[in-house]
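Observations on chain architecture
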Amino acid sequence: MAATVIGPGITIEGEVSSNDEVVVGGVLRGKLDVAGPVTVDSGGVVEADIGARSVAIGGNVTGNVVASDRVDLLAGGRLVGDVKAARLTIADGAVFKGNVDMDG
Amino acid sequence: MSSPNIISASTTIIGRISGEGDLELHGHVEGEVSVSGSIAIATGATVKGSVEAAAISVAGAVAGNLSGQEAVVLESGARVVGDLAAPSIGIRPGALLRGHVETGNAPPVPNRAAAARPAMTRAAEPRRVAAPVAAPVAAKPAPAVRASTTRKSAPEPVVPKASGRARKTGASASTSDKRRKPPAPVVPALKKRTKKASKRNAR
């Protein structure tokens, strides 16, 4: 179970789907569909809808986030988009603009 | 440039990958990959699209052109349908390739050029492979030569070297057809005509 690491210098424009963990430190535009955890590092920029088991946002995400488990918006993270998850944490210092649906 | 970017085996990317750094591909990519560092396409990885990098190492399947600023190496088990272009190209035994191979670009990095020399000299012997002759082809820039039409022009700079064999027959640096056909009948005919023509003119 290796992780997919998209480092700071890499830009991906398109649809990314994976069964493993995905760590985004670069730029991702399009769609992100992952069966495992997704981590957006502090330098990461994601302009895509994210579907994953769990999402940890430390960077910049513009798009809707749907997680089957949990969403964590870390300090320094920025999310503009709706969140649909069973569990959600928003750390002090994070920026969030969107709707939250934790029911269902 | 030091961050290792990895696309794991269960990942599929439909789109373009670009940027700085090295990339390790174990998954499936449908689209162009263009990276400033080195790309390693591992066994089991597939790429449908062109790949551009400083150095490319292929052990998986690629349907698209490979263009390396420094080197392109096909490991055993690689399956490539597409053109290769790099100053130094290595094709290990067991690699499958269908496409056009072009060397002769920027000055090669010494280590990789030494490793690729056996492949280059081996490929230079059969007449069909026009590419690996570095000196005459270096005049043509690699991007311009990638077009399929330039396949016809590529043999032309190579023939001046091959016409060294044809010096006996006196054939000038023209197409390889003259090497196959005996040029002897043509030359005596010309000589006869010129002699007769000079005699006629003298009269």
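In what follows, the structure referred to is the one given above.
Residues numbered from 1 in each chain as written. Chains lettered and ligands numbered in written order. Predicted model: local features only at pLDDT ≥ 70, side-chain atom pairs only at ≥ 80, totals over all residues. Heavy atoms only, no water.

What to know about the overall build of chain B
Of the regular secondary structure elements, chain B holds seven helices and 15 strands. When the 203 residues of chain B are sorted by exposure, 39% land in the buried category. Working note: accessible area of chain B is about 11500 Å², and carbon and sulfur atoms make up 56% of it. (Helix = DSSP H or I, 4+ residues; strand = E, 2+ residues; numbered from the N terminus. Buried < 20%, exposed > 50% of the residue type's maximum accessible area, 1.4 Å probe, protein only. Areas by Shrake-Rupley, 256 points an atom, 1.4 Å probe, with all protein chains shown as cover.)

Some points on the overall build of chain A
When helices and strands are counted, chain A shows zero helices and 13 strands. Here chain A holds 104 residues, and the buried ones make up 45% of them. Excluding contacts between residues fewer than 6 apart, the proportion of contacts in chain A whose partners are at least 24 apart in sequence is 0%. Looking at chain A as shown, the accessible area adds up to about 4700 Å², and 48% of this sits on carbon and sulfur atoms. (Contact = heavy atoms within 4.5 Å.)

Describing the interface of chain B and chain A
For interface size, the figure often reported is the accessible area lost on association. With 18 residues of chain B at the contact, the number on the chain A side is 19 residues. When chain B packs against chain A, close to 1400 Å² is buried across both sides, 47% of that on carbon and sulfur atoms. In this structure, the connection of chain B to chain A is made through zero salt bridges. Taken together, the connections running from chain B to chain A amount to 13 residue pairs in polar contact (both at pLDDT 80 or more). For the side of chain B that touches chain A, the secondary structure elements donating two or more residues are β1 (4-7) and β2 (12-19) of chain B. With eight residues, the single largest contributor to the side of chain B that touches chain A is β2 of chain B. Judged from the eight bridges that link them, strand β2 (residues 10-18) of chain A and β2 of chain B form a sheet pairing that is antiparallel. Residue pairing for β2 of chain B: E15 of chain A is matched across the bridge by I14 of chain B. (Buried area = accessible area lost by both parts, 1.4 Å probe. Salt bridge = Lys/Arg side-chain N within 4 Å of Asp/Glu carboxyl O. Polar contact = N/O pair within 3.5 Å; in protein donor to acceptor, adjacent residues only side chain to side chain. Pairing = 2+ DSSP bridges.)

Examining the pattern of salt bridges
Residue and element names in this part refer to chain A. Inspection of the entire model under this criterion finds seven salt bridges over all chains. A salt bridge links D69 to R87; the shortest N-O distance between them is 4.0 Å. Here R87 lies in strand β11 (residues 87-90) and D69 lies in strand β8 (residues 65-73), a separation of 18 residues in the sequence. What makes D69 partly exposed here is its relative accessible area of 28%. Exposure remark for R87: the relative accessible area of 47% places this residue in the partly exposed category.

Examining the pairing of β2 of chain B
All names here are of chain B. Strand direction decides the pairing type here: β2 and strand β4 (residues 28-30), joined by three bridges, are parallel. Directly across from T12, in β4, lies its bridge partner H28. Strand direction decides the pairing type here: β2 and strand β5 (residues 33-35), joined by three bridges, are parallel. Each bridged residue has a counterpart across the sheet, and for G19 the counterpart in β5 is V35.

A word on the environment of R87 of chain A
For the pair formed by R87 of chain A and D72 of chain A, sequence separation is 15 residues and the distance between their alpha carbons is 8.3 Å. Beyond its immediate chain neighbours, meaning those up to four positions away, R87 of chain A contacts D69, R70, V71 and M102 of chain A.

Notes on the side chain of S8 of chain B
Position of S8 of chain B among the secondary structure elements: in the loop between β1 and β2. On the accessibility criterion, S8 of chain B (0% relative accessible area) is buried. Polar contacts involving the side chain of S8 of chain B include one to the side chain of T4 of chain A, which spans 2.8 Å. A distance of 3.0 Å separates polar atoms of two side chains, one belonging to S8 of chain B and the other to D20 of chain A.

Section: the environment of N65 of chain B
Residues and elements named next belong to chain B. Within the element layout of this structure, N65 appears in the loop between β9 (61-63) and β10 (66-74). The contact partners of N65, leaving out residues within four places of it in the chain, are G49, S50, V51, G82 and D83. Of the polar contacts made by the side chain of N65, one reaches the backbone nitrogen of D83; its length is 2.9 Å.

In short, geometric facts, not functional conclusions.
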